[in-house]
Amino acid sequence: MTGSIPTQLGQWSGLTDLELKLASADGVIPTHLGQLTMLDQLSITSNTISGTIPTQLGIGTLAYLSLIMPEIEGTLPTQMGQMTSLTFLFLNLPSITGIIPTEVGQLTLLNQIHIKEPNQLTGECWPFPAGAGTVSVGVAFKCGCNSPTPLKSCIPPQDCETPNTAAADKCIACVDGADLTNEDECEGILYVPRIFSFSFGLSSSSLLLFYSILFGKCKRIYIPFVFIFSSSFLSDVTDRNGCTANGGDVAACGNVANSVCTDVGLNLRTCECSLGSTGILPQNFTDDSNTFSGECYDADGCTLNGGQIAGCGNISNTLCANNGPNNRTCQCAPGYQGIPVTTLADDDNTISGVCEDVDGCTVNGGDVKACGNIANSVCSDSGANYRTCQCAPGYQGIPVTVLTDDENTISGVCEDVDGCAVNGGDVEACGNITNSVCSDNGLNNRTCQCATGSEGIPVTTLADDDNTISGVCEDIDGCSLNGGDVKACGNISNSECSDNGLNNRTCQCAPGYRGISVTTLADNDNTISGVCEDVDGCTVNGGDTKACGNIANSVCSDTGVNNRTCECATGYQGIPVTVLTDDNNTISGVCEDIDGCAWNGGGIEACGNVSNSVCSENGANSRTCQCAVGYYGVEAQNFTDDKNEFSGECVDIDGCKLNGGGIEACGNIKNSECQDNGLNSRICKCAPGYIGLEETSLEDAETELVGECLASFLLFSYLLILSFLFSFFLIQSRNH
C-alpha cells in the first residue's frame, strides 16, 4: 500500500480485527482508529509510518495489540492504562524512549508483554509494585523481573504459587538474562538436584544428568551438586530400561496420551509430555514406579515458536495455523503470495522466503471488475489483503468501501457529479473568477470560460476535483463588439448604443428621434429592428413658448437632427438666436416689444417712405401707417414690424373743405371766412367789413374756434354806449 492510512477506517464502527502491513505507506497513525470501539485485535507493521502513538488508540475492547514500526518516536502514552481488555502486547519500536508507563500496571487481564531489542526504553521491565497479589496461603507476594538495559521481553508477574507442600512456594520464570525480583519473599522454591555419578576403576566415566522443571514456569535455577561416589554400586548393578520395563510407549508414563518416557539409567526414567504437547511437567520415577498422571494436550505450535510471524521463520505477512500433534502450517497471509503452504513440526522453524502483497485490484479481474463491475468505480490496493473501492473522481453513489482481496460483494451505481455544483457553483466552480461560467461535460470534467460579453481567460477544461484556474474576465464593450455605431443596434439610422457591462447593452433612438423602444440586448444578440424618425423638438418640449424656456414672445423652429432654434418673435428683442438639442431646454431671458416705427427707419420711412404719411406703434409686433392729418390718398394700414409695404401718395386736403366748408371750417363763426394754407393748415378770419376775430391758423383737423365777426359801425356804437355807461357809474360812485 502506498499513500497514508485512510482516515475513513474510523467509520467502520463494527470492525473487530485489523492487520495493516504497509511496506511503502507514509504519514502517521490516524487518530480516527480510536473510533473503532468494537476492535479486538490490532496489528500494524510498517517501516515508513512515522509520528507518535495516538493517545486514542485502542481504548475500550482491544485485547491484542502488536506494533512493529521503527520510525515511530516519542514515548508510550499513559492512556495505555485505559486498555482494560488488553491481554497481549507486542512492541517492536526501536525509536521509542522513556519508560513503560506505570498505568500499564492497572491492566489486570494482561498476561504477555514482549518488547523487542533494540530499543531505547529505560527503567524496570514491568511496572508492577512488589506485594500486589494474594496467594492461597494468605501471604501477599508477587514476583517480577529486573531486566538489563535495554529491556528484553518479559512476561507479566504472577502471584507466588503453592504446590502440594506449603513450604514449597515458587515464582514464575524470567527470560534468560533477567533476574527474579522479590526472591527472598517467595520462599521454598523447589531445588531440583543434578546428580553426577563417577565410577572409579571403569574404562570410562558416565555422566548422568537429570532435572525436572516444575509446572508453573519455574525459574531456571542452578542448584548445588550432589555427588555419589560408589564404584561398587555402579559395578554391581546392571541398569534396566525403565521405559520398556513398564510396558513401553505411553504405558511407561501412566498410560498418559502424548507422553514420552526417557530412561536415564540408575533405575530412573523421566516422563513428560511429548514434543508439541504440554500440560504436565517432566517427572522422574524409579523404574518400579509409575505414578505419572494428568493430561498432555496439544501445544499450539504457532505460539510455542514465538507467535505471529515468528512462528513462520519470522517471514513478514505469513500466517501460522496449528494442526495439532506436533505440527503447524505456515503460508502467506490472504492477499500475499510467495511461499508455498508448508507443514512444520512444532520444534522446526526452518522456513524461508518472502510473502509479497498481491494487488487485490488485479486479482479480482482488474478495472471496474475489481469493484463489483460497477461502471465508473476505481479500485486501489491497500496492501495487507485489502483493497478500496469507490466512485472515480467526478462520480458519486457508493461509499468508500474496503474489501478483502478475496471478496467482491459490492453493488451500487456511480453517477456523474455535476462538476460545476461540486466545486461551489457559479463562479466558485471556475476559481471564483468574476464573470466566468462553468459547464459540466460529464465524465469527470467541466469547462470554464469567460461569460458571453467578457474576455480574458481561455476556454479551460478541468477535472471535477481540480479548480486550479486563475485570471480575469473583463467586460467587453458590446457596442464595439457588434460593429460599433448604429451597427450595434441593428444598423438602424439615428439609433445609439450604450454598453451596460455584464454582457448587455441598450439600444434606443438618439435624442431628437423616436420610433423604437429602449431595448436591452445581450452582447451577442443584435435582433432589433425599426425606424428612428426625427422628432419636432418644438412639440417634444411642450410647444409654443414652452419649447423655449417658456419665455413670452419667443418662437421655436425645429431644425431636424435633434435640435431646434429659439429666438424672440418678430417685433421683440432680448434673447439671442439659440440652438438647442431636442432634450435640452436650458434657455432664459426676456423678449420685449420693439417700436416698429423706429425699427423701420422712423418718420415716413416706417411707412414706405410715403410723403405726408405717419406711423403709429401698436405694440405686439404691429404698427399703423396712414396719411398725416390734412392729407389723403392712402388709407390707414396695419403692418407687423418686419413688414413695410405701405405705398401710394398722401396729398394735401383743403382744410376749409375738410371741415364742412364756409363758416363751418372756422368754428361756424358768422361773417368769418376760411383760407387753406396747405401742409395741413388753414386760416380763419372775419370777412371784409367785419371786425372782432383775429386771423387764426388751424390744423386741418382742428375744429374748435371761438370769436365773433361784427360789422364795423355797430362796433363803434357799442363802444360809445359802453363809454357813457362807464362814465355814469363813475360819477355816481363819487357822489356817494
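Residues numbered from 1 in each chain as written. Predicted model: local features only at pLDDT ≥ 70, side-chain atom pairs only at ≥ 80, totals over all residues. Heavy atoms only, no water.

1. Overview of the overall build of the protein chain
Part 1: Helix and strand counts for the protein chain stand at 10 helices and 53 strands.
Part 2: When contacts within the protein chain are restricted to residue pairs at least 6 apart in sequence, those whose partners lie at least 24 apart make up 36%.
Part 3: If you sum the accessible surface of the protein chain, you get close to 38200 Å²; carbon and sulfur atoms cover 51% of it. (Helix = DSSP H or I, 4+ residues; strand = E, 2+ residues; numbered from the N terminus. Contact = heavy atoms within 4.5 Å. Areas by Shrake-Rupley, 256 points an atom, 1.4 Å probe, with all protein chains shown as cover.)

2. Brief notes about unusual backbone geometry
Part 1: Its identity as a non-glycine residue notwithstanding, Asp249 has a phi of 55 degrees, on the positive side.
Part 2: Inspection of the secondary structure puts Asp249 in the loop between helix H2 (242-245) and strand S14 (259-265).
Part 3: Non-glycine residue Asn435 carries a positive phi angle of around 70 degrees.
Part 4: Checked against the element boundaries, Asn435 lands in the loop between helix H5 (419-422) and strand S29 (436-442).

3. Section: the pairing of strand S35 (residues 504-509)
Part 1: Alignment of strand S34 (residues 495-501) against S35, held across six bridges, turns out to be antiparallel. Pairing of Ser498 across the sheet is with Thr506, part of S35.
Part 2: Here S34 hands over to S35 after two residues, with Leu502 in that stretch at a positive phi of 50 degrees.
Part 3: Summarising the sheet, S35 and strand S37 (residues 519-522) pair through four bridges and their orientation is antiparallel. (Pairing = 2+ DSSP bridges.)

4. Considerations on empty space enclosed by the protein
Part 1: Here the structure, examined in full by the defined rule, presents three cavities of 30 Å³ or more.
Part 2: In this structure, the second largest cavity occupies an estimated 40 Å³ of space.
Part 3: Leu76, Leu91, Leu93, Ile96, Ile115, Asn119 and Leu121 are the residues that line the second largest cavity.
Part 4: Residue composition of the lining of the second largest cavity, grouped by class: six nonpolar, one polar and no charged. (1 Å grid on protein atoms, 1.4 Å probe; cavity = no way out; pocket = protein on both sides within 12 Å on 5 of 7 lines; lining within 4 Å. Points joined across faces, edges and corners; volume = space filled by probe spheres on them. Nonpolar A, V, L, I, M, F, W, Y, C, P; charged D, E, K, R; others polar.)

5. Description of the packing of aromatic side chains
Part 1: Tallied over the entire structure, the rule returns four aromatic pairs.
Part 2: Seen in terms of ring centroids, Tyr64 and Phe88 are 4.8 Å apart; in terms of plane orientation they differ by 5 degrees. Their pairing is stacked. On the criterion of sequence distance, the pair formed by Tyr64 in strand S5 (residues 64-68) and Phe88 in strand S6 (residues 88-92) is long-range, its members being 24 residues apart.
Part 3: Take Tyr64: its relative accessible area is 13%, and that puts it in the buried class.
Part 4: The class of Phe88 is buried, set by a relative accessible area of 14%.
Part 5: On the numbers, 6.1 Å between centres and 85 degrees between planes, the contact of Phe285 with Phe292 is edge-to-face.
Part 6: Here Phe285 falls in the buried class, since its relative accessible area comes to 6%.
Part 7: Take Phe292: its relative accessible area is 2%, and that puts it in the buried class. (Phe/Tyr/Trp six-rings, centres within 6.5 Å; stacked < 30°, edge-to-face > 60°. Buried < 20%, exposed > 50% of the residue type's maximum accessible area, 1.4 Å probe, protein only.)

6. Quick notes on the pairing of S5
Part 1: Summarising burial for S5: five of the five residues are buried, a large majority.
Part 2: Note: strand S4 (residues 41-46) against S5, five bridges, orientation parallel. When the sheet's bridge partners are listed, Gln41 is paired in S5 with Tyr64.
Part 3: Two strands pair when backbone bridges link them, and S5 and S6 are joined in this way by five bridges, in the parallel orientation. From the neighbouring strand, Leu67 faces S6, where its bridge partner is Leu91.

7. Things to note about the state of the cysteines
Note on terminology: disulfide describes a covalent bond linking the sulfur atoms of two cysteines.
Part 1: Within the structure shown, the criterion is met by 24 disulfides.
Part 2: A disulfide bridge connects Cys489 with Cys507, and the sulfur atoms are separated by 2.0 Å. Sign of the S-S torsion, about -90 degrees for the bond between Cys489 and Cys507, identifies this disulfide as left-handed. Taken together, the residues span a long stretch of sequence, with Cys489 in the loop between helix H6 (478-481) and S34 and Cys507 in strand S35 at a distance of 18 residues. As far as the burial class goes, Cys489 and Cys507 line up, both buried.
Part 3: There is a disulfide in this structure between Cys666 and Cys684, and the S-S distance comes to 1.9 Å. Disulfide Cys666 to Cys684: torsion about the S-S bond roughly -90 degrees, handedness left-handed. (Disulfide = S-S within 2.5 Å.)

8. Digging into the sheet that holds S34
Part 1: Taken in spatial order, the three strands of this open sheet run S34-S35-S37, and their pairing is antiparallel. The open sheet has two free edges, formed respectively by S34 and S37, since each of these has just one partner strand. Across the sheet, the mean angle from the axis of one strand to that of its neighbour is 30 degrees, orientation sign disregarded. (Axes fitted to C-alpha atoms, helices over the stretch in contact; angles between N-to-C directions.)

9. Focus: the environment of Cys391
Part 1: Structurally, the position occupied by Cys391 is in strand S25 (residues 386-391).
Part 2: On the basis of relative accessible area, Cys391 is assigned to the buried category, the value being 9%.
Part 3: A sequence separation of 16 residues divides Cys391 from Ala375, and the C-alpha atoms of the two residues are 8.6 Å apart.
Part 4: Once residues lying within four places of it in the same chain are set aside, the contact partners of Cys391 are Asn376, Ser377, Val378, Gln396, Gly397, Ile398, Val413 and Cys414.

10. So, the layout of surface pockets
Over the atoms rolls a probe the size of a water molecule, and in doing so it shows where empty space is left.
Part 1: By volume, the second largest pocket amounts to about 690 Å³.
Part 2: Along its surface, the second largest pocket is lined by 32 residues, and Thr45, Ile68, Ile309, Asn314 and Ser316 are the ones closest to its centre.
Part 3: Mapped onto the lining of the second largest pocket, the elements with two or more residues apiece are strand S2 (17-22), S4, S5, S6 and strand S23 (356-357).
Part 4: Here the residues of the lining of the second largest pocket are counted per class, giving 11 nonpolar, 16 polar and five charged.

11. Observations concerning a nonpolar patch on the surface
Part 1: A surface patch of nonpolar side chains, amounting to about 740 Å² of accessible area, comprises Leu719, Ile721, Leu722, Phe724, Leu725, Phe728 and Phe729.
Part 2: Take Phe724: it is sitting in helix H10 (residues 712-735).
Part 3: The exposed category is assigned to Phe724, whose relative accessible area is 57%. (Patch = residues over 30% accessible without salt bridge, like charges linked within 9 Å, V, L, I, M, F, W, Y side chains within 5 Å. Salt bridge = Lys/Arg side-chain N within 4 Å of Asp/Glu carboxyl O.)

12. Points about the sheet that holds strand S17 (residues 283-286)
Part 1: Judged by pairing direction, the sheet is antiparallel, and its three strands sit side by side in the order S14-S15-S17 without closing on themselves. Sheet topology places S14 and S17 at the edges, where each strand pairs with a single neighbour. Neighbour to neighbour, the strand axes of the sheet diverge by 30 degrees on average, direction disregarded.
Part 2: In terms of strand pairing, S14 meets strand S15 (residues 268-273) through six bridges, oriented antiparallel. When the sheet's bridge partners are listed, Gly265 is paired in S15 with Leu268.

13. Details of the side chain of Arg387
Part 1: In this structure, Arg387 sits in strand S25.
Part 2: Of the buried charged residues, Arg387 lacks a salt bridge, with Asp405 as the closest side chain of opposite charge at 4.6 Å.
Part 3: At 3.0 Å, the side chain of Arg387 and the backbone oxygen of Ala370 are in polar contact.
Part 4: From its side chain, Arg387 meets the backbone oxygen of Glu407 in a polar contact 2.4 Å long. (Lys, Arg positive; Asp, Glu negative; His and termini not counted. Polar contact = N/O pair within 3.5 Å; in protein donor to acceptor, adjacent residues only side chain to side chain.)

14. Side note on the confidence of the model for the protein chain
Part 1: Per-residue confidence for the protein chain gives a mean pLDDT of 78, with 82% of residues at or over 70.
Part 2: Contacts for the low-pLDDT stretch residues 128-237, under 50 throughout, to residues beyond four places or in other chains number 190 contacts. (pLDDT = per-residue confidence, 0-100.)

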